[in-house]
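Understanding the architecture of this molecule
Next come the chains, spelled out residue by residue.
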Amino acid sequence: MRRLLSLTLGIMTAIGGFVDIGNLVTSGITGSRFRTSLTWAIVVATVAIIVYGEMAGRVAAIAGRTVFDTVRERLGARLALVNLAASLALNVLTLAAEIGGVALSLELASDVSYLLWVPLSGALVWGVAWRVPFRRMEQIYGLLGLTLLVFVVALVAGDTDWSGLVSAALRPAVPAGQSDQTWWFYAISLYGACIVPYQVFFFSSGGIEENWSTADLAEVRLNTFVGFTLGSILSIAIMWAAASVLGPAQVSVNSLGEIALPTAVTLGRIGLAVTIVGFVAATFGAALETALSAGYIMCQYFGWNWGKTMRPRQAPEFALVNLVVIVVGTALVLTTIDPVKLTLIIVALSAAALPLTYFPILVVANDRGVLGDRVNGPVRNLLGSVFLVILTLAGLAALPLLFLTKAGQ
Amino acid sequence: MPETPTPPTEPTPGKHDTRTWDEPVLDVAQLLLDRQIIDVEGLPVAKVNDLELAPPAGGGPPLLTAILCGPTALGPRIGGRLGAWWVAVGRRFRPVSEVAAPAIPFDLVAKVSTTELRLSVPVDHLPINRFTDWVREKIVFRLPGGRR
């Protein structure tokens, strides 16, 4: 019974923790502009994150090794430093966007300008990262994030044209009036939003914080397979709800308010309230994950002691990095940079930076010196290689498309 | 950076060995660089940034004497202008009394595996904690709840 409870809790946490500002923004915009024609991008990205998440989880559970540890060992001091710098910069930008997302959600709920909520949100993120125990922290935002299921409820309760949505999703084509470039740009953004690098850093380091061992392998796999799959369904639901309500009404998405509109229209005040809780939980949780990930990768590159389960005196550098990135991230949002636009740029940059992180995972998941006979089988290697090619192609296309489309305008 | 891999005192065939079994050689750089160093209690200490080799007193081929840590050891491996800058920063922060990069004598290494080096002493017995100690005392202890 206890085991079952822990399994359920783990999966629910994985579902709730999957969605962040990147998923909210990209799903909302693409739904309103391209209907469901980009659903495939979320599906492809989800399979990729499941394949690589499972490898990272297995390496963490069996060998007790994290992703960035293997990055430095396999890429060497120099290339790993390039990866560290890129990942840290992305982490800080993502953290800023997430804090902006928390503040924008609170603005939706309160009518008080988001800029006033920014310092409070930043302070709260640091407070939770500093004091709340790891498992409790993950469970709180994971479970609260499940309130985003309200988008599924809105789709079911509203007068949704299911056959239209499904046929547009199954026969992907650039809708009339939209350019091919923007369509592809948003395909890459959806995919970059699903597999942002901080997620694998957090996933593997978090596993070590929770003392995963070989015995937990089945649970780890279940979390990645079921949790990530259901999590991506939330992303799809947000896109489809936008396609169903915003698309026909010609509403263009420029802020979180419009992304919340479908649930508000269909389910009224209660729907909106639940949506805002979901937005806050998703962005707040992701803000914590990005802040902690910055600490993880920095300490793992330099070999310092790390961990939220450590006392600050035992891992002082980790505590310092957390504090610094949260202060810098908060300061960035306070420059009044638009968190939604920032998010679009970040997801494209994430797509460009991914291969440097995913390649070492694939190499280590094949190393018998590390994993014994738990190395990748032929199917996993085939999938891993196919996705590495896709990752690389998308990574190469991401920056040109970002500039050509002026971040999807 | 050692230019040539040194034959260890008791040669054993290594994983990356390309030669025949008659002539076993361990590539120390391949085996040790960028590996995690763990202390006797299992706590992470640092990464192997570089290695120190010295000719033994009685002559003969150089022996592996110490593991080098800290920015002055990492900089040359990064190379270029950034590497030089890295070294300069490391030097600037080093007390005048210390001449060389922080080093862990190789005698203190108890076990070497493919992924890590395990030491026979706890981390606070090592002369490589200046930055950690500084962060702990000057920053972390001053935060509310930082001493817990």
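Structure's up top.
Residues numbered from 1 in each chain as written. Chains lettered and ligands numbered in written order. Predicted model: local features only at pLDDT ≥ 70, side-chain atom pairs only at ≥ 80, totals over all residues. Heavy atoms only, no water.

**Topic: the interface of chain A and chain B**
- In this complex, chain A contributes 29 residues to the contact, which on the side of chain B involves 32 residues.
- Overall, the association of chain A and chain B removes approximately 2700 Å² of surface from exposure, summing both partners, and the carbon and sulfur fraction of that is 59%.
- Together, A:R72, A:W130 and A:R313 form the three largest contributors to the area buried by chain A at its contact with chain B, with a combined 21%.
- At the boundary of chain A and chain B, one finds two salt bridges.
- The partner of B:K47 in a salt bridge is A:D69, with the nearest N and O atoms 2.4 Å apart.
- For the interface between chain A and chain B, the tally reads twelve residue pairs in polar contact (both at pLDDT 80 or more).
- Those elements that provide at least two residues to the side of chain A that touches chain B are α4 (67–110), α5 (114–131), α12 (256–302), α13 (316–334) and α15 (368–371) of chain A.
- Sort the elements by how many residues they give to the side of chain A that touches chain B and α4(A) lands first, with seven residues.
- Taken together, the residues of the side of chain A that touches chain B sort by class into 14 nonpolar, five polar and ten charged. (Contact = heavy atoms within 4.5 Å. Buried area = accessible area lost by both parts, 1.4 Å probe. Salt bridge = Lys/Arg side-chain N within 4 Å of Asp/Glu carboxyl O. Polar contact = N/O pair within 3.5 Å; in protein donor to acceptor, adjacent residues only side chain to side chain. Helix = DSSP H or I, 4+ residues; strand = E, 2+ residues; numbered from the N terminus. Nonpolar A, V, L, I, M, F, W, Y, C, P; charged D, E, K, R; others polar.)

**Observations regarding the sheet that holds strand β1 (residues 36–38) of chain B**
Residues and elements named next belong to chain B.
- Spatial strand order, β2-β1-β7-β6: four strands in an open sheet with mixed pairing. Taken across any chain shown, the strands that pair with only one partner, and hence form the sheet edges, are β2 (44–47) and β6 (109–112). In this sheet, neighbouring strand axes are inclined to one another by 25 degrees on average, regardless of whether the strands run parallel or antiparallel.
- Of the strand pairs in this sheet, β6 and strand β7 (residues 116–119) are connected by three bridges, and their pairing is antiparallel. For V109, the partnering residue across the bridge sits in β7 and is L119. (Pairing = 2+ DSSP bridges. Axes fitted to C-alpha atoms, helices over the stretch in contact; angles between N-to-C directions.)

**A look at the sheet that holds strand β4 (residues 63–68) of chain B**
All names here are of chain B.
- Read from one edge of the open sheet, three strands run β3-β4-β5, paired in antiparallel fashion. On the outer flanks of this sheet lie β3 (50–54) and β5 (103–105), each paired with one strand and no other. Ignoring which end each strand starts from, the neighbouring axes of this sheet average 35 degrees apart.
- Here β4 runs beside β5; their pairing, made up of three bridges, is antiparallel. From the neighbouring strand, I67 faces β5, where its bridge partner is I104.

**Side note on the side chain of A:T182**
- You can see A:T182 is positioned in helix α9 (residues 180–194).
- Setting aside its immediate chain neighbours within four residues, A:T182 contacts A:R33, A:F34, A:T405, A:G408 and A:Q409.

**Concerning the packing of α9(A) against helix α16 (residues 378–404) of chain A**
Residues and elements named next belong to chain A.
- Contact geometry of α9 with α16 gives a least axis separation of 9 Å together with a crossing angle of 125 degrees. Taken together, α9 and α16 sit at an angle that is classed as oblique. Considering the relative orientation of α9 and α16, their crossing is left-handed. Of the residues in α16, those touching α9 at Q181, W184, F185, I188 and Y191 are I390, L391, A394, A397, A398, L401, L402 and L404. (Parallel < 35°, antiparallel > 145°, perpendicular 65-115°, else oblique. Left-handed = near helix turned anticlockwise from the far one by under 90°.)

**Description of the packing of α4(A) against α13(A)**
All names here are of chain A.
- Contact geometry for α4 and α13: axes closest at 8 Å, N-to-C directions at 60 degrees. Looking at the two axes, α4 sits oblique to α13. Both α4 and α13 take part in a crossing whose hand is right-handed. Of α13, the residues touching α4 (which contributes V92, L93, L95, A96, I99 and G100) are V325, I326, V328, G329, T330, L332 and V333.

**Quick notes on α12(A)**
- Here α12(A) spans only 38 Å end to end across 47 residues, well under the 69 Å set by a 1.5 Å rise per residue.
- The largest bend along α12(A) measures about 145 degrees and falls at A:L267. (Expected span 1.5 Å × (residues − 1). Bend = angle between axes of the 7 residues up to and from the residue.)

**Focus on a nonpolar patch on the surface**
- Taken together, the side chains of A:L222, A:F225, A:V226, A:L230 and A:I233 present a nonpolar region at the surface, about 360 Å² in accessible area.
- Position of A:I233 relative to the elements: it lies in helix α11 (residues 217–245). (Patch = residues over 30% accessible without salt bridge, like charges linked within 9 Å, V, L, I, M, F, W, Y side chains within 5 Å. Areas by Shrake-Rupley, 256 points an atom, 1.4 Å probe, with all protein chains shown as cover.)

**Let's talk about the layout of surface pockets**
- Taken as a whole, the largest pocket encloses approximately 1400 Å³ of empty space.
- In terms of lining, the largest pocket is formed by 50 residues, of which the most central are A:W304, A:E317, B:P71, B:F131 and B:T132.
- In terms of residue count, the dominant contributor to the lining of the largest pocket is α13(A) (seven residues).
- In terms of residue class, the lining of the largest pocket is made up of 31 nonpolar, eight polar and eleven charged.
- For the second largest pocket, the calculated volume is near 540 Å³.
- In terms of lining residues, the second largest pocket is bounded by 28 residues, among which A:G10, A:E138, A:F203, A:E210 and A:N223 are the most central.
- Secondary structure elements with two or more residues in the lining of the second largest pocket: α1 (2–18), α6 (134–145), α10 (197–209) and α11 of chain A.
- It is α1(A) that contributes the most residues to the lining of the second largest pocket, seven residues altogether. (1 Å grid on protein atoms, 1.4 Å probe; cavity = no way out; pocket = protein on both sides within 12 Å on 5 of 7 lines; lining within 4 Å. Points joined across faces, edges and corners; volume = space filled by probe spheres on them.)

Everything listed here is a matter of geometry and, on its own, says nothing about what the molecule does.
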